[in-house]
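For reference, the chains in residue letters:
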Amino acid sequence: MLSKHNVSSTPLGASASFTGQYEFLQHGRFQAVSLIVSTDQSGSLQILFSNDGSTTLHSETFTITGGTDFYKVVEVKGLFFKAVYTNGGVAQSSFTLSA
C-alpha cells in the first residue's frame, strides 16, 4: 500500500509541522508500515495508530537528523495509521515524507 494522505514534498518552516490523515490498513492485510524521510533540517517523526480512525491507541516517535535519509519499518498496532512530522528551529529547503 502506498499512502495517499501521509506523504509530502513541501518544505516546512521553522518549528512547523505536517500532519497526515488516518488511513485504513485493511483488517490485517498489512503487518508493517514503512516510513521514509529526506530533509536538510532535523526534526521528529511520529507514527500514530488507531482502531477507529480518530482515537490514538499507540504512537512511536523518531528523531530525524537533517542531511541523513531516514528509513524505518514499524509494526502495525491498529487498523489505521497516520504520520506527523515536526520540523526543528530552522526552515527546510528540502523535505520528502512517504509512507
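Note: the structure precedes this text.
Here the structure is a predicted model, which is why all the values come from computation and not from measurement.

(A) The arrangement of the sheet that holds strand β6 (residues 70-75) in detail. What the three strands build is an open sheet, ordered β6-β3-β8; its pairing is antiparallel. Whereas interior strands pair on both sides, the edge strands pair on one side only; in this sheet they are β6 and β8 (95-98). Across this sheet, the average inter-strand angle for adjacent strands is 10°, counted without regard to direction. By the bridge criterion, four bridges tie strand β3 (residues 32-39) to β8 in an arrangement that is antiparallel. Among the inter-strand pairings, Ile36 is bridged to a residue of β8, identified as Ser98.

(B) How the structure looks around a nonpolar patch on the surface. A surface patch of nonpolar side chains, amounting to about 290 Å² of accessible area, comprises Ile36, Tyr71 and Val73. Tracing the sequence through the fold places Tyr71 in strand β6. Given the relative accessible area of 53%, Tyr71 is considered exposed.

Calculation rules
- Residues numbered from 1 in each chain as written.
- Predicted model: local features only at pLDDT ≥ 70, side-chain atom pairs only at ≥ 80, totals over all residues.
- Heavy atoms only, no water.
- Pairing = 2+ DSSP bridges.
- Helix = DSSP H or I, 4+ residues; strand = E, 2+ residues; numbered from the N terminus.
- Axes fitted to C-alpha atoms, helices over the stretch in contact; angles between N-to-C directions.
- Patch = residues over 30% accessible without salt bridge, like charges linked within 9 Å, V, L, I, M, F, W, Y side chains within 5 Å.
- Areas by Shrake-Rupley, 256 points an atom, 1.4 Å probe, with all protein chains shown as cover.
- Salt bridge = Lys/Arg side-chain N within 4 Å of Asp/Glu carboxyl O.
- Buried < 20%, exposed > 50% of the residue type's maximum accessible area, 1.4 Å probe, protein only.

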